[in-house]
Amino acid sequence: MIIVVFGPPGVGKGTQSAKLSAHLGIPAFSTGDMFRAAMVEDSPLGQKIRSFMDAGDLVPDEVVNELVASRMVQPDCADGLILDGYPRTVAQVKVLEGWLAGRKMKLDYVIELVVDREELVKRLAGRLYAPTSKKTYHEKYAPPRVPGKCNITGEDLIHRDDDKPEVVRHRFDVYTKNTQPVLDYFAADGRLSRIDGMKNIDEVYADILKVVEK
Ligand code: AP5
Ligand code: MG
């Protein structure tokens, strides 16, 4: 089963993808997390990516497509996967669909999470991130057991560089500009499910399960 989790910055894509991954036993991968890992290596590719991510701009399609394709051929993706934050442009949709069709696979569900902009700002302002485990917390909505420490690795939690208010504003604008054609594409053949992301984490998750287990 191949599932795309789609939505604006801070809507809960990573939070819900991790829960779904544990439940369905298929990997979830976030293009944002992949890029953050590449930046840590400080390779030429990492430096190139940093210039886009720090500004809140999209990484060029060809870079994203290549990284995703290299991840999707890994053996743990044989039974399916959850794509968090990919595709996010029509060009990425077309490459993904072509790639899957060439392997007699298809994209089964596109889950769009929908949240008010004000709520997104609150979620990103309080988000805490564990760079190694990639787990996401929230100071109020999803606090770690020990303040400031990851439940899994015990590492220090940080605020992401692109969660600075001015970068967040730009990320929203970039999302808004690219969203509609992608959603129109998936809505046209009935694969798109809109989920109310304003509910709490467990309620949103229950609504997602109703879609993928129907
Ligand atoms: P990426 O890392 O994917 O960032 P994003 O899309 O902006 O989304 P976020 O990770 O910020 O939010 P999320 O939806 O995962 O929310 P989360 O679960 O953390 O991408 C970063 C950058 O990489 C992009 O700007 C771009 O440069 C580049 N990039 C990535 N993919 C690309 C692509 N395909 N093409 C080109 N460039 C690409 O939740 C947020 C907070 O809210 C957390 O604190 C969480 O605990 C809390 N929370 C979650 N759900 C709830 C709830 N229901 N109630 C209350 N709190 C909640
Ligand atoms: Mg995320």
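What counts, and where the lines are drawn
- Residues numbered from 1 in each chain as written.
- Chains lettered and ligands numbered in written order.
- Predicted model: local features only at pLDDT ≥ 70, side-chain atom pairs only at ≥ 80, totals over all residues.
- Heavy atoms only, no water.
- Helix = DSSP H or I, 4+ residues; strand = E, 2+ residues; numbered from the N terminus.
- Rg over C-alpha atoms; globule rule 2.2 N^0.38 Å.
- Buried < 20%, exposed > 50% of the residue type's maximum accessible area, 1.4 Å probe, protein only.
- Contact = heavy atoms within 4.5 Å.
- Polar contact = N/O pair within 3.5 Å; in protein donor to acceptor, adjacent residues only side chain to side chain.
- Salt bridge = Lys/Arg side-chain N within 4 Å of Asp/Glu carboxyl O.
- Phe/Tyr/Trp six-rings, centres within 6.5 Å; stacked < 30°, edge-to-face > 60°.
- Lys NZ or Arg CZ within 6 Å of the ring centre and 35° of its normal.
- Near = heavy atom within 4 Å.
- Areas by Shrake-Rupley, 256 points an atom, 1.4 Å probe, with all protein chains shown as cover.
- Nonpolar A, V, L, I, M, F, W, Y, C, P; charged D, E, K, R; others polar.
- Expected span 1.5 Å × (residues − 1).
- Arc of directions from axis to C-beta.
- Pairing = 2+ DSSP bridges.

As for the overall build of the chain
Okay, step 1: For the chain, the helix and strand inventory stands at 8 helices and 7 strands.
Okay, step 2: Relative to the 2.2 N^0.38 estimate, which gives 17 Å for 214 residues, the radius of gyration of the chain is 16 Å and therefore close to what a compact globule would have.
Okay, step 3: Here the C-alpha coordinates of the chain stretch approximately 45 × 40 × 35 Å along the principal axes.
Okay, step 4: For the chain, with 214 residues in total, the buried portion stands at 48%.

Here we look at the environment of Asp 76
Okay, step 1: Here Asp 76 shows up in the loop between α4 (61-72) and β3 (81-84).
Okay, step 2: It is 9.7 Å that separates the C-alpha atoms of Asp 76 and Gly 25, two residues lying 51 residues apart in sequence.
Okay, step 3: Excluding anything up to four places from it in sequence, Asp 76 contacts Pro 27 and Arg 71.
Okay, step 4: Side chain to side chain, Asp 76 and Arg 71 meet in a polar contact 2.8 Å long.

As for the pattern of salt bridges
Oppositely charged side chains may form a pair once their charged atoms are brought near each other.
Okay, step 1: Scanning all chains against the criterion turns up 17 salt bridges.
Okay, step 2: Linking Lys 210 and Asp 207 is a salt bridge whose minimum nitrogen-to-oxygen distance equals 3.1 Å. Separated by 3 residues within a single helix, Lys 210 and Asp 207 lie in helix α8 (residues 201-212), roughly one turn from each other.
Okay, step 3: One network of salt bridges, with partners in common, ties together Arg 127, Arg 160, Asp 162, Asp 163 and Arg 171.

Regarding the packing of aromatic side chains
Okay, step 1: The full count for this structure, using the stated rule, is 2 aromatic pairs.
Okay, step 2: When the centroid spacing of 5.8 Å and the interplanar angle of 50° are considered together, the rings of Phe 6 and Tyr 175 count as tilted. On the criterion of sequence distance, the pair formed by Phe 6 in strand β1 (residues 2-6) and Tyr 175 in helix α7 (residues 165-188) is long-range, its members being 169 residues apart.
Okay, step 3: Overall, Phe 6 belongs to the buried group, its relative accessible area being 4%.
Okay, step 4: Ring geometry for Tyr 185 against Phe 186: centres 5.3 Å apart, planes inclined by 85°, an arrangement best described as edge-to-face.
Okay, step 5: In this arrangement the basic side chain of Arg 36 is found over the ring face of Tyr 129, its NZ or CZ atom lying 5.2 Å from the centre.
Okay, step 6: Above the ring of Tyr 137, the side-chain terminus of Lys 135 is found at 5.1 Å from the ring centroid.

Some thoughts on the site of ligand 1
Okay, step 1: Near ligand 1, the surroundings consist of 36 residues, among which Thr 15, Thr 31, Asp 57, Arg 88 and Arg 171 are the closest.
Okay, step 2: Within the side chain of Thr 31, one N or O atom sits 2.7 Å away from a nitrogen atom of ligand 1.
Okay, step 3: In isolation ligand 1 exposes 1000 Å². Once the protein is present, 97% of that is buried.
Okay, step 4: When contributions to the shell around ligand 1 are tallied by element, the ones reaching two or more residues are α1 (13-24), α2 (31-41), α6 (117-125) and β6 (136-138).
Okay, step 5: Among the elements that take part in the shell around ligand 1, α2 stands out by supplying 4 residues, more than any other.
Okay, step 6: When the residues that make up the shell around ligand 1 are grouped by side-chain class, the tally is 14 nonpolar, 12 polar and 10 charged.

Comments concerning α1
Okay, step 1: In a regular helix each residue adds 1.5 Å, so 12 residues correspond to 16 Å; α1 covers 16 Å between its end C-alpha atoms and thus fits that length.
Okay, step 2: Of the positions making up α1, those classed as buried are Lys 13, Gln 16, Ser 17, Leu 20 and Ser 21. For α1, the angular spread of buried residues about the axis comes to 140°, placing them on one side.
Okay, step 3: After α1 finishes, the residue Gly 25 shows a positive phi value of roughly 70°.

A look at the pairing of strand β7 (residues 192-196)
Okay, step 1: Burial along β7 is one-sided: Ser 193 and Ile 195 are buried, while Leu 192, Arg 194 and Asp 196, pointing the other way, are not.
Okay, step 2: Across 5 bridges, the pairing between strand β4 (residues 109-114) and β7 is parallel. Each residue of the ladder has a partner; that of Val 114, found in β7, is Asp 196.

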